[in-house]
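# What the coordinates show
Given next are the chains, with one letter for each unit.
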Amino acid sequence: MLRDKKPFHFIKLRKIWYVISILVIVPGIISLFSQGLNLGIDFRGGSLLDLRFNQPTEVEQVRGVLADFGLEGASIQRSGETDFLIRTRELTEDENLTIVQNLDQKLGGVTVQRNERVGPVIGQELLRKALLALGVASILMVVYIAWRFEFKQGIAAIIALLHDTLVILGIFSIFQIEVDSTFVAAVLTIIGYSINDTIVIFDRIRENMHNRKKGEVLEDIINNSLWQTLARSINTVLTVILVLVALFLLGGATIHNMVLALLIGVSSGAYSSIFNASPLWYDFKKVEERSKPRGARA
Amino acid sequence: MKWDKLLKLIVIIAVVAVVAILAVKPVIPDVKWLPFTKLIKQGLDIQGGVHVVLEAQDTPDSPVTPDSVKRAMAVIENRVNAFGVAEPIIQQQGDRRIIVELAGIKDPDEAVRNMIKTAYLEFKTEDGTTVLTGRQLKTATEGKNPQSGVAEVNLEFEPDGAKIFADVTAANVGKPIYILLDNQVLQAPNVKEPIPNGKAQISPYESLEAAHNVAILLRSGALPVKLDVMEKRTVGPTLGADSLDKSIKAGIAGLIAILVFMVLYYRLPGLVADFALITYALIVLLIFAALHVTMTLPGIAGFLLSLGMAVDANVIIFERFREEMWAGKTLRSAIDAGFKRAFVAIFDSNVTTLIAAAVLYYFGTGPIKGFAVTLSIGILASMFTAITMTRYLLHLVAGSNLVRNAKMYGA
């Protein structure tokens with residue numbers, strides 16, 4: 001084949017890729033254990049008010065009014081001169097009404113743009129469902145890959161997915177970016193997407209194994225397959241990233257965190273599909289081969 | 001140059017162009033369903049509105065029963081209809097939860113308050129004194145009078161109510177008794193004779209259905225159970241419109257970026273893929289309109305993401321096609337081999353994404369479900385356009401001999 005120059009060997013250098021992955025993941029895991037995730041009201045329960053005042057308003061003024069209700073500890077986020085995002089413990093319908101009325105009177109008029117209230121029970125249910133969804137999706141995918149390819153590839157793919165999930169969770173934990181139900185959608189999409197990448201590569205390996213030349217060793221087959229699919233891997237990620245960057249820069253604030261999670265996940269997914277999934281599978285295969293003769297002797 | 005193939009190509013391009021314009025621009029003002037993007041239902045987070053989850057709570061007086069939840073839903077429906085909301089959604093979830101969604105209302109908070117307040121059913125005499133309340137009414141059912149066959153509503157009072165009702169009817173023969181719901185007169189039947197046993201009939205009604213409606217109102221005059229707001233999400237109309245606007249702008253920018261990238265990298269096949277991508281977007285929007293898919297903000301993100309994924313199939317194919325060209329195959333056999341070999345990879349990879357989307361749909365709520373639906377439709381449609389359409393077009397282009405330079409095919 002033409003253009004067959006390969007600057008490096010993916011499989012021979014696999015320890016380097018593993019180290020890079022671990023270096024990225026470990027700080028995130030430490031952060032997850034020490035400070036956890038910044039769970040939004042979707043999961044924790046609470047109230048959220050997205051307000052637009054009729055005139056420029058300061059955070060202190062808003063906090064002053066909230067203090068009358070014992071809510072001085074509420075998170076008040078200002079965007080622009082007149083827009084505020086207020087997060088508090090769960091407010092009753094009456095409390096909610098009086099607070100908005102008070103803000104309206106004392107600070108010269110206010111429009112409620114968004115008002116959300118989630119009870120702690122619902123939040124718990126959502127969290128449980130989210131974790132269940134992640135688990136079910138992962139199992140179904142392993143089953144599918146095990147059926148279409150082989151079980152060890154399924155396991156390698158799932159470890160790559162775990163990698164991507166940990167990268168997203170880790171970054172969201174380190175920077176304490178708020179996590180809501182759209183975050184779960186993003187993580188699940190990444191799982192589906194990243195496994196896409198892995199499968200295209202596995203498909204190529206499957207085909208190349210089929211047309212295996214005499215004396216060709218597994219690590220070279222995998223290496224060739226990775227190089228053959230590399231342009232595709234990069235181009236696909238590029239097109240998706242183009243859309244996501246546009247959404248991130250121009251899209252509204254509501255889906256900002258979701259798009260951010262997708263951006264991190266797509267990049268991490270591309271990395272893990274190339275640098276983790278196939279090398280891991282290679283290592284699994286090696287373990288299998290080494291244990292076989294030993295088993296025969298015993 | 002082969003003119004028949006060139007002609008086919010021109011016709012296809014023209015058709016897609018016309019459909020594209022009709023899809024988004026109101027060219028023909030008299031046709032209601034054009035542009036068809038208007039038919040796509042907007043979610044609450046786009047058009048503004050309120051989503052509430054109510055839960056029935058046990059109280060010593062009124063424990064939650066399947067019947068009381070059903071009656072509570074009837075009351076809410078009745079009250080929601082009073083706001084004049086178009087297409088409200090009132091659903092039961094599990095044993096004791098009720099989901100209510102109202103789109104495009106001015107004061108969502110007030111609507112929620114009105115929905116869960118305890119309404120008051122009263123019976124008043126002509127002089128305006130309240131004699132009985134909804135608590136003393138045991139039940140109200142519709143039926144047909146066995147003798148006359150006329151539709152009627154049968155009332156039955158609780159024992160303490162029956163006693164009072166006997167006294168009141170005895171004292172008011174020939175006069176009306178007003179039945180008020182939230183201070184509005186619902187019925188004003190005349191008392192024909194004293195009713196001692198607490199069982200009364202109101203008649204005549206035009207039909208059994210009319211009697212049925214009144215019976216429901218009477219039965220569920222007051223909320224039969226205590227309802228608590230478990231979850232409430234309201235979005236003002238300006239915020240929704242603003243978000244939609246931004247998403248569309250972002251979408252157009254993202255789409256243009258993809259189109260440019262594909263042409264720069266893959267040349268002529270890239271141009272064909274771009275054309276297929278536009279067709280893909282049209283097909284998906286048409287499906288959304290036809291299936292009445294509700295478009296939410298995450299749903300729009302899902303759609304845009306599927307654009308990026310839709311070109312993936314073409315990227316896989318074209319990479320394969322290039323390899324075949326480099327291996328020395330002719331243009332046409334390279335096209336066929338590229339598609340054939342890429343298909344398995346595309347199929348397997350899309351199935352896994354579909355699995356993820358199905359799980360999302362099953363476990364997700366509201367906007368997340370919308371995201372899962374748009375993603376799934378996108379994947380299925382992309383399998384069609386990226387494989388069938390690109391292949392056909394590429395063969396047409398190659399067969400028309402319009403462009404012969406192999407370099408233009410990326411080789």
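Residues numbered from 1 in each chain as written. Chains lettered and ligands numbered in written order. Predicted model: local features only at pLDDT ≥ 70, side-chain atom pairs only at ≥ 80, totals over all residues. Heavy atoms only, no water.

An unreviewed UniProt entry lists chain B under the name Protein translocase subunit SecD, with Pelotomaculum isophthalicicum JI given as the organism. In the Sequence similarities (unreviewed entry) part of its UniProt record, chain B is described as follows: "Belongs to the SecD/SecF family. SecD subfamily." Checking UniProt for chain B, the heading Subunit (unreviewed entry) contains the comment "Forms a complex with SecF. Part of the essential Sec protein translocation apparatus which comprises SecA, SecYEG and auxiliary proteins SecDF. Other proteins may also be involved." (UniProt positions renumbered as here; feature names shortened; annotations may be inferred.)

By the naming in an unreviewed UniProt entry, chain A is Protein-export membrane protein SecF, taken from Pelotomaculum isophthalicicum JI. The Subcellular location (unreviewed entry) field of the UniProt record for chain A holds the comment "Cell membrane". What UniProt records for chain A under Function (unreviewed entry) is the sentence "Part of the Sec protein translocase complex. Interacts with the SecYEG preprotein conducting channel. SecDF uses the proton motive force (PMF) to complete protein translocation after the ATP-dependent function of SecA."

## Comments concerning the overall build of chain A
On a plain count of helices and strands, chain A comes out with 9 helices and 6 strands. Here chain A has a C-alpha radius of gyration of 25 Å; the compact-globule value for 298 residues is 19 Å, and the former is much larger. Considering only C-alpha atoms, chain A reaches an extent of 85 × 45 × 30 Å along its principal axes. Summarising the internal contacts of chain A: among those between residues at least 6 apart in sequence, 78% fall at separations of at least 24. Just so you have it, chain A exposes about 13,500 Å², and 63% of that area is on carbon and sulfur atoms. For chain A, the separation between the mean place of its 31 positive charges and that of its 29 negative charges on side chains is 16 Å. (Helix = DSSP H or I, 4+ residues; strand = E, 2+ residues; numbered from the N terminus. Rg over C-alpha atoms; globule rule 2.2 N^0.38 Å. Contact = heavy atoms within 4.5 Å. Areas by Shrake-Rupley, 256 points an atom, 1.4 Å probe, with all protein chains shown as cover. Lys, Arg positive; Asp, Glu negative; His and termini not counted. Charge placed at Lys NZ, Arg CZ, Asp CG, Glu CD.)

## Points about the pattern of salt bridges
Under the definition given, this model contains 34 salt bridges over all chains. Among the salt bridges present, the one from Asp312(B) reaches Arg232(A), with a minimum N-O distance of 2.9 Å. In this pair, Asp312(B) sits in helix H8 (residues 297-326) while Arg232(A) sits in helix H8 (residues 218-250), so the two residues belong to two different chains. For the residue pair Asp312(B) and Arg232(A), the accessibility class agrees, reading buried in each case. Here Glu324(B) ties to Lys329(B) by a salt bridge, and the two come within 3.1 Å at their closest N and O atoms. We classify Lys329(B) as partly exposed; its relative accessible area is 37%. What you see here is one network of salt bridges that share partners, running through Arg204(A), Glu207(A), Arg320(B), Glu323(B), Glu324(B), Lys329(B) and Arg341(B). (Salt bridge = Lys/Arg side-chain N within 4 Å of Asp/Glu carboxyl O. Buried < 20%, exposed > 50% of the residue type's maximum accessible area, 1.4 Å probe, protein only.)

## Topic: the confidence of the model for chain A
Mean pLDDT over chain A stands at 88; residues scoring 70 or higher make up 96%. Strand E3 (residues 75-79) of chain A is the least confidently modelled element of chain A, averaging 85 in pLDDT, while helix H1 (residues 14-34) of chain A averages 95, the highest of any element. (pLDDT = per-residue confidence, 0-100.)

## What about the UniProt feature "transmembrane region" (unreviewed entry) in chain A?
On the UniProt side, "transmembrane region" (unreviewed entry) is annotated at positions that read residues 16-34, 130-147, 154-177, 183-202, 234-253 and 259-282 of chain A here. The distance from the first to the last C-alpha atom of residues 154-177 of chain A is 31 Å, and the span holds 88% helix and 0% strand.

## Here we look at the packing of helix H7 (residues 181-210) of chain A against H8(B)
Each pair of packed helices can be summarised by the angle the axes make with each other and by the distance between the axes. Put simply, H7(A) and H8(B) touch, their axes get as near as 12 Å, and they point 10° apart. Relative to H8(B), the element H7(A) is oriented roughly parallel. Mapping the contact onto sequence places Thr182(A), Thr189(A), Tyr193(A), Val200(A), Arg204(A) and Glu207(A) in H7(A) and Pro298(B), Leu305(B), Met309(B), Ile316(B), Arg320(B) and Glu323(B) in H8(B). (Axes fitted to C-alpha atoms, helices over the stretch in contact; angles between N-to-C directions. Parallel < 35°, antiparallel > 145°, perpendicular 65-115°, else oblique.)

## Description of the sheet that holds strand E5 (residues 121-124) of chain B
Residues and elements named next belong to chain B. Taken together, the 4 strands give an open sheet; going across it, the order is E6-E5-E9-E10, and neighbouring strands pair in antiparallel fashion. On the outer flanks of this sheet lie strand E6 (130-133) and strand E10 (184-187), each paired with one strand and no other. Between one strand axis and the next, the sheet turns through 35° on average, direction left out of account. As judged from the 3 bridges shared by strand E9 (residues 178-181) and E10, these two strands associate in the antiparallel manner. Note that in E10 the partner of leucine 181 across the bridge is glutamine 184. (Pairing = 2+ DSSP bridges.)

## Things to note about a nonpolar patch on the surface
Residue and element names in this part refer to chain A. Taken together, Phe8, Leu13, Ile16, Ile20 and Val24 make up a surface patch of nonpolar side chains, about 370 Å² in accessible area. Within the fold, valine 24 resides in helix H1. For valine 24, a relative accessible area of 45% puts it in the partly exposed group. (Patch = residues over 30% accessible without salt bridge, like charges linked within 9 Å, V, L, I, M, F, W, Y side chains within 5 Å.)

## Topic: helix H9 (residues 331-363) of chain B
An ideal rise of 1.5 Å per residue puts 48 Å on 33 residues; H9(B) measures up with 47 Å between its terminal C-alpha atoms. In H9(B), a bend of some 35° at Ala342(B) exceeds every other bend along the element. (Expected span 1.5 Å × (residues − 1). Bend = angle between axes of the 7 residues up to and from the residue.)

## With respect to the pairing of E9(B)
Inspection of the sheet shows E5(B) paired to E9(B) by 4 bridges, in the antiparallel sense. Looking at the pairing, Glu122(B) lines up with Leu180(B) of E9(B).

## Looking at the packing of H8(B) against H9(B)
Residue and element names in this part refer to chain B. Orientation of H8 relative to H9, taken along the N-to-C sense of each, is 135°, at an axis distance of 8 Å. Between H8 and H9, the angle falls in the class oblique. Along this stretch, H8 crosses H9, giving a crossing that reads as right-handed. Contact residues: Ala313, Ile316, Ile317, Arg320, Phe321, Glu324 and Met325 in H8; Leu331, Ala334, Ile335, Ala337, Gly338, Phe339, Arg341, Ala342 and Ile346 in H9. Among the residues forming the contact of H8 with H9, the class breakdown is 12 nonpolar, 1 polar and 3 charged. (Left-handed = near helix turned anticlockwise from the far one by under 90°. Nonpolar A, V, L, I, M, F, W, Y, C, P; charged D, E, K, R; others polar.)

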